[in-house]
Amino acid sequence: MQSSLNIEQLIPESLTQTAYQAFQQGKALFGLAHKNMSNRLTRLFVPNWEKIGQPLSKEEFDQLQQGRIQLLETDWKDAQEGVYPTSLLFENPWNEFFLYYPAVLLDLPLSWQKIRDREYQNFSSQVEQDGYPNYYLQNFHYQTDGYLSDWSANLYDLQVELLFNGTADPMRRRILKPLKKGLNAFSDVLPKQIRVLDVACGTGRSLKMIRTVFPKVSLFGADLSPAYLRKANQLLSETPEELPQLVQANGEELPYQDNYFHALTSVFLFHELPPQARQNVIEECFRVTKPGGIFIICDSIQAIDSPQFQTSMDNFPKMFHEPYYKHYTTDNLVERLEKAGFENIDVENHFMSKYWVAHKPV
Ligand SMILES: C[S@@+](CC[C@H](N)C(=O)[O-])C[C@H]1O[C@@H](n2cnc3c(N)ncnc32)[C@H](O)[C@@H]1O
């Protein structure tokens, strides 16, 4: 009989936990150092930059640190309980990060220019703008070319990691536990016949995590950006499992038949949609979810359950050009989900993100 040697079984658990904490601490320090440096430079090159955001109180700063530690503890605990393998905690595209960090720095002057000129819909002449909803043609986060170029797609993951001090993936991983639980309802279906769609899949990081936990299920990803889909295809091709089917599509008009998916996920999309588009996407997700299936949303925290982080929530749309964020922070997504037909909606918060787990009635 062939025995496979699992490296995780050879290393004491306490050592792995220490390694995970050190890994995250390294990312946090790198994120903080980068922000410190880029804020100093921004102050130098953008007059009145100081007045754009409010400084955080010591109390809010401490609570943010506490929230980050709790998130990492939950991340570790879920791995220990077998929701996902411990190896997922250490997954990081190091080669990409080293390759593109200089490009992130080179991109800063372009952001300053956009902030100075209040120019938030600026695209290179090669970028095809036809056929996209107007609300989408924005330089979200002062991103060069918005979501519509390979340059933007190459920098995105690193920029998000720096913004969240290395917690973007731990926040994304919080969808895995409810997803596993939700798919239990279909335990009589062969894994290959289970269909899971990630709406606004971006560069494919959530799909990659879902693939690790469910090596056999049929995965699908939809996004409006051809460049981000190309990037996702690259990331998802790194592993030997079947490639998820990626399609360029608006979440408001998904190209799938009714009741097709056992589960849908969507990570960090809703704060970038205007109110009506938020409702349309939810209704479209309801249409393509199977009765008994689930829809999991992960997005930013909101004012109602995180008043202690109000200054961070006020600063974010001003400092990063997020035109729909302010409305999002007070929007009632439970009401929207119920209006679409979902029921039994669980809500939870982890650090800077909030999760809605909604069920389509059987
Ligand atoms: C903040 S990014 C999140 C990407 C990814 N889910 C993640 O976890 O990093 C927002 C993504 O939503 C996509 N997007 C925005 N509006 C969309 C829409 N109406 N339909 C489909 N995708 C959309 C963008 O192209 C971008 O990839």
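Remember, predicted model here, so these are calculated numbers, not experimental data.

Undergrad: Explain the overall build of the chain to me, and be specific about the residues and the numbers.
TA: For the chain, the helix and strand inventory stands at 14 helices and seven strands. Taking 2.2 N^0.38 as the reference for a compact globule, 362 residues should give roughly 21 Å; the C-alpha atoms of the chain span a radius of gyration of 20 Å, in line with that estimate. Each principal axis of the C-alpha distribution contributes one length, and for the chain these read about 65 × 50 × 40 Å. Going through the 362 residues of the chain one by one, you find that 38% of them count as buried.

Undergrad: Go over the site of the ligand, please, and point to the residues and values.
TA: The local shell around the ligand holds 19 residues, among which Ala200, Gly202, Ser225, Gly251 and Val267 are the closest. Across the shell around the ligand, the residue classes break down as nine nonpolar, five polar and five charged.

Undergrad: I'd like a description of the sheet that holds strand S4 (residues 261–267), backed by residues and values.
TA: Spatially, seven strands are ordered S3-S2-S1-S4-S5-S7-S6 in an open sheet, and the strand pairing comes out mixed. Unpaired on one side and paired on the other, strand S3 (245–248) and strand S6 (343–350) mark the two borders of the sheet. This sheet shows a mean twist of 15° between the axes of neighbouring strands, independent of strand direction. Strands in contact with helix H8 (residues 176–183) are S4, strand S5 (289–300) and strand S7 (353–359); relative to S4, the strand with the most contacts, it is inclined by about 170°.

Undergrad: So what's going on with the nonpolar core? Which residues, and what values?
TA: The nonpolar side chains of a soluble globular protein tend to be buried, and buried together. Val196, Val199, Cys285, Phe295 and Ile296 are the most contacted members of the largest nonpolar core, which totals 69 residues. When neighbours within four sequence positions are excluded, Ile296 is seen to be in contact with Ile175, Pro178, Leu179, Thr265, Tyr355 and Val357.

Undergrad: Now, about the environment of Leu99: what can you tell me, with residues and values included?
TA: Within the secondary structure, Leu99 sits in helix H5 (residues 94–117). For the pair Leu99 and Tyr325, spaced 226 residues apart in sequence, the C-alpha separation works out to 31 Å.

Undergrad: Describe the confidence of the model for the chain, and please don't skip the residues or the numbers.
TA: It should be kept in mind that the predicted coordinates are not to be read in detail where pLDDT is low. Taken residue by residue, the chain gives an average pLDDT of 93. The fraction at 70 or more is 97%. Here residues 1–5 scores under 50 on pLDDT; set against residues more than four positions off or in separate chains, the count is zero contacts.

Undergrad: Hey, could you go over helix H9 (residues 205–213) for me, with residue numbers and the actual values?
TA: Of all nine residues making up H9, seven are buried, and the element is well covered by its neighbours. Every buried residue of H9 is listed here: Arg205, Ser206, Leu207, Lys208, Met209, Ile210 and Arg211.

Undergrad: Can you lay out helix H6 (residues 150–163) for me, pointing to particular residues and giving the numbers?
TA: With 14 residues, H6 extends 20 Å between its outermost C-alpha atoms, agreeing within 8% with the 20 Å of an ideal straight helix rising 1.5 Å per residue. When we look at burial in H6, the residues that qualify are Ser152, Ala153, Leu155, Tyr156, Asp157, Val160, Glu161 and Leu162. Once H6 ends, the next one or two residues include Asn165, with phi positive near 50°.

Undergrad: Describe the environment of Leu64, naming the residues involved and giving the relevant values.
TA: Turning to its location among the elements, Leu64 is positioned in helix H4 (residues 58–80). Assessed through the 17 C-beta atoms surrounding it within 10 Å, Leu64 is described here as partly exposed. With 189 residues separating them along the chain, Leu64 and Glu253 place their C-alpha atoms 37 Å apart. Residue contacts for Leu64: discarding those within four places in its chain leaves Phe309 and Ser312.

Undergrad: Give a description of the UniProt feature "domain: Methyltransferase" (unreviewed entry) in the chain that names residues and reports values.
TA: The UniProt feature table records "domain: Methyltransferase" (unreviewed entry) at residues 196–293. Counting secondary structure, residues 196–293 comes out at 35% helix and 27% strand; the distance between its end C-alpha atoms is 10 Å.

Undergrad: Before we move on, could you go through the pairing of S6 and cite the residues and values that matter?
TA: Two strands pair when backbone bridges link them, and S6 and S7 are joined in this way by six bridges, in the antiparallel orientation. Residue pairing in the sheet places His350 in a bridge with Ser353 of S7. Counting the residues in the hairpin turn of S6 and S7 gives two residues, including Phe351, whose phi is positive at 55°.

Undergrad: Account for the packing of H9 against helix H10 (residues 226–236), with residues named and values stated.
TA: One way to put it is that H9 packs onto H10 with a least axis distance of 9 Å and a crossing angle of 30°. Viewed along their axes, H9 and H10 adopt a mutual orientation that is roughly parallel. Crossing geometry of H9 relative to H10 is assigned as right-handed. Where H9 abuts H10, its residues Leu207, Lys208 and Arg211 lie against Ala232, Leu235 and Leu236.

Cut-offs and rules
Residues numbered from 1 in each chain as written. Predicted model: local features only at pLDDT ≥ 70, side-chain atom pairs only at ≥ 80, totals over all residues. Helix = DSSP H or I, 4+ residues; strand = E, 2+ residues; numbered from the N terminus. Rg over C-alpha atoms; globule rule 2.2 N^0.38 Å. Buried ≥ 20, exposed ≤ 12 C-beta atoms within 10 Å, placed from the backbone. Near = placed C-beta within 6 Å. Nonpolar A, V, L, I, M, F, W, Y, C, P; charged D, E, K, R; others polar. Pairing = 2+ DSSP bridges. Axes fitted to C-alpha atoms, helices over the stretch in contact; angles between N-to-C directions. Contact = placed C-beta atoms within 7 Å. Core = buried A, V, L, I, M, F, W, Y, C linked by C-beta atoms within 7 Å. pLDDT = per-residue confidence, 0-100. Expected span 1.5 Å × (residues − 1). UniProt positions renumbered as here; feature names shortened; annotations may be inferred. Parallel < 35°, antiparallel > 145°, perpendicular 65-115°, else oblique. Left-handed = near helix turned anticlockwise from the far one by under 90°.

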